[in-house]
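Coordinate analysis (summary)
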Amino acid sequence: MPGMVLFGRRWAIASDDLVFPGFFELVVRVLWWIGILTLYLMHRGKLDCAGGALLSSYLIVLMILLAVVICTVSAIMCVSMRGTICNPGPRKSMSKLLYIRLALFFPEMVWASLGAAWVADGVQCDRTVVNGIIATVVVSWIIIAATVVSIIIVFDPLGGKMAPYSSAGPSHLDSHDSSQLLNGLKTAATSVWETRIKLLCCCIGKDDHTRVAFSSTAELFSTYFSDTDLVPSDIAAGLALLHQQQDNIRNNQEPAQVVCHAPGSSQEADLDAELENCHHYMQFAAAAYGWPLYIYRNPLTGLCRIGGDCCRSRTTDYDLVGGDQLNCHFGSILHTTGLQYRDFIHVSFHDKVYELPFLVALDHRKESVVVAVRGTMSLQDVLTDLSAESEVLDVECEVQDRLAHKGISQAARYVYQRLINDGILSQAFSIAPEYRLVIVGHSLGGGAAALLATMLRAAYPQVRCYAFSPPRGLWSKALQEYSQSFIVSLVLGKDVIPRLSVTNLEDLKRRILRVVAHCNKPKILLHGLWYELFGGNPNNLPTELDGGDQEVLTQPLLGEQSLLTRWSPAYSFSSDSPLDSSPKYPPLYPPGRIIHLQEEGASGRFGCCSAAHYSAKWSHEAEFSKILIGPKMLTDHMPDILMRALDSVVSDRAACVSCPAQGVSSVDVA
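Residues numbered from 1 in each chain as written. Predicted model: local features only at pLDDT ≥ 70, side-chain atom pairs only at ≥ 80, totals over all residues. Heavy atoms only, no water.

Describing the overall build of the protein
Counting its secondary structure elements, the protein contains 23 helices and 14 strands. In the protein, which comprises 670 residues, the share counted as buried stands at 52%. Looking at the protein alone, contacts between residues at least 24 apart form 76% of all its contacts between residues at least 6 apart. Of the roughly 30,400 Å² that the protein leaves accessible, carbon and sulfur atoms contribute 60%. (Helix = DSSP H or I, 4+ residues; strand = E, 2+ residues; numbered from the N terminus. Buried < 20%, exposed > 50% of the residue type's maximum accessible area, 1.4 Å probe, protein only. Contact = heavy atoms within 4.5 Å. Areas by Shrake-Rupley, 256 points an atom, 1.4 Å probe, with all protein chains shown as cover.)

Structural data, given as structure tokens:
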């Protein structure tokens, strides 16, 4: 539901978020009250000492205070469990209860201070009693400190500006004055986000690129978050409901149409060839991450294998490779690719905003010069990712609409200038002039590789690019179609990054608003975390109010529009209507043709219970036009998971080479 308004400002917490915090505090308070009561009853005879009357009074008053607090917290818990996410009517007394609860902190603080002072005076009583009272004083201050920290966490810097809109409807937001105030709200949100980002990234320098990235990221966050009145728990509940809704829809779908292809068809042969290429070149994309990924993939033996390179000073052999700061990185690269040091032309781990690490090597097996660009691995890379405005790509091609992701375009331009201006590619092709150019990368590196291949295509017409799990929001539809002749993208399962774009995030926000607005249960009964971890029955989806439930509502159900702090014509709450896009963030698309690896059967919620098997098929970019929610939406993006999936699908398809001799046709699911 919308954030609560207390003391004239909005807070980043809703009235139905207090069940678990209240339960935790209630358990602590009850145990504390029982402990104090036990201490008093067992040792009150030992309080007949100097200062003992004060300590006895302290314990009695503290028990009374705790009893009042326990009753108040119990009432807060009970009220917080009422209603639904967007029907706060049954919880209308919550603000009064919170005022009472906060007011009780003042006598608690005063009494804890007096207790500390009395104990510090050196009371001459039984040591067990004194130690028990010291423990109660310490617990008092720990709870007070925890409460202060909680208040800081739920404090919304924009709460004073957003409070007037928490109860306002769309009609109020149509006025000219309201429009001006809401524009001011967005400006203030941008400033707040920029301050947060600068604090988070305080150690990465303050050059021009970094300052531009700060501003771009802050504007993106303020654009996305400032127009909704959702608290973090609403978003978490919405994601859990969307996951359950997706599973419900999939279970209710009719069986997919099965299409048989002759094993010798050109489409299947092309898929097999490209899968084999992906399997080969993924080693270079993984190598670009250096030693951290190698150690992660080989936790028991990795450090032993490359430890000598980490401790060894750079030798003349290593000096033959361009770049700097190698050592551990170079050892892991050699082990990952299986190449020799003399096969590398350039290795650079220079890492700044809009400037990505990359390596250039001679691949004699495939007779290619390979350029591998590293994916996201630092705060600088994250800022590059989040610079999501569009800019015109400076490239020689016949495409008119050349819009591309600004941050990734700048990063690709940096690598392009290094390759050309520093003569790196010229050096490589002087050694192997008959080789072809292949550019690879994973995640951010995959997007940069696609843009880099497009930039280099005029000079190297035979260039090929393999983009592993590239971001969806990369470039225009025209460039996506242009790139299909020389770029292949590989996507695993529900990987969120190949579905991630500003347009898709807006669509996700709209879907969260819809599913939250139509949920007929409070958050405490959603079992979202349980469903994410262990699964459940997706048909038990709490997203429509039954007729009988309408009578228990004490006020009308809030609609999706009431969850917006500002009304935008871009929002249409019809499930079939498209979203209007901002000129700054137009719809962008993934690169090239797309191979989609999908898991067959179930191997556990996180794929860790048994070996998974995968199928591969060519997919249209429209299949990645929505963000899918699930436990594997993040793990499917990990390069080690992708490498294992490639190993599996390539070996499985190779094992089926004998299928034609047995008269068996390959099968794809449409």
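So, next bit.
Observations regarding the packing of helix H10 (residues 266-287) against helix H23 (residues 639-655)
As a packed pair, H10 and H23 sit with axes 10 Å apart at the nearest point and diverge in direction by 145°. Crossing geometry of H10 relative to H23 is assigned as left-handed. Taken together, the residues of H23 that come into contact with H10 (itself represented by Glu 268, Leu 271, Asp 272, Leu 275, Cys 278, His 279, Met 282, Gln 283 and Ala 286) are Pro 639, Leu 642, Met 643, Leu 646, Asp 647, Val 649, Val 650 and Arg 653. Residue composition of the contact of H10 with H23, grouped by class: 11 nonpolar, two polar and four charged. (Axes fitted to C-alpha atoms, helices over the stretch in contact; angles between N-to-C directions. Left-handed = near helix turned anticlockwise from the far one by under 90°. Nonpolar A, V, L, I, M, F, W, Y, C, P; charged D, E, K, R; others polar.)

Some remarks on the pattern of salt bridges
All told, the structure shown has 28 salt bridges when counted by the stated rule. For Asp 207, the salt bridge is made with Lys 352, and the minimal N-O distance between the two is 3.2 Å. Of this pair, Asp 207 sits in the loop between helix H7 (176-200) and helix H8 (208-225) while Lys 352 sits in the loop between strand E4 (344-348) and strand E5 (358-363), and the two are 145 residues apart along the sequence. Since its relative accessible area comes to 32%, Lys 352 is described here as partly exposed. Residue Arg 464 pairs with Glu 274 through a salt bridge whose shortest N-O separation is 2.6 Å. (Salt bridge = Lys/Arg side-chain N within 4 Å of Asp/Glu carboxyl O.)

Topic: the sheet that holds strand E6 (residues 368-373)
Two modes of strand pairing occur in sheets, parallel and antiparallel, and in both the strands are linked by backbone hydrogen bonds. Strands sit in the order E4-E5-E6-E9-E10-E11-E12-E13 across an open sheet of eight strands; the sheet is mixed. At either margin of the open sheet sits one strand with a lone partner, and together these are E4 and strand E13 (613-619). Strand-to-strand twist in this sheet, taken as the mean axis angle between neighbours without regard to direction, amounts to 20°. In this structure, strand E12 (residues 593-600) lies alongside E13, joined through seven bridges in antiparallel fashion. Residue pairing for E13: Gln 598 is matched across the bridge by Ser 615. Of the strands in this sheet, E4, E5 and E6 touch helix H16 (residues 406-421), which is tilted by about 50° from E5. Across the sheet, H23 is in contact with strand E9 (436-442), strand E10 (464-468), strand E11 (487-492), E12 and E13; its angle to E13 comes to roughly 90°. (Pairing = 2+ DSSP bridges.)

Observations concerning unusual backbone geometry
With a phi close to 55°, Phe 7 is a non-glycine residue in the positive phi region. Its place among the elements puts Phe 7 in the loop between strand E1 (5-6) and strand E2 (9-10). Here the phi dihedral of Tyr 354 falls at roughly 70°; this positive angle occurs in a residue that is not glycine. A residue is classified by how much of its surface remains accessible, and Tyr 354, at 2% relative accessible area, is buried.

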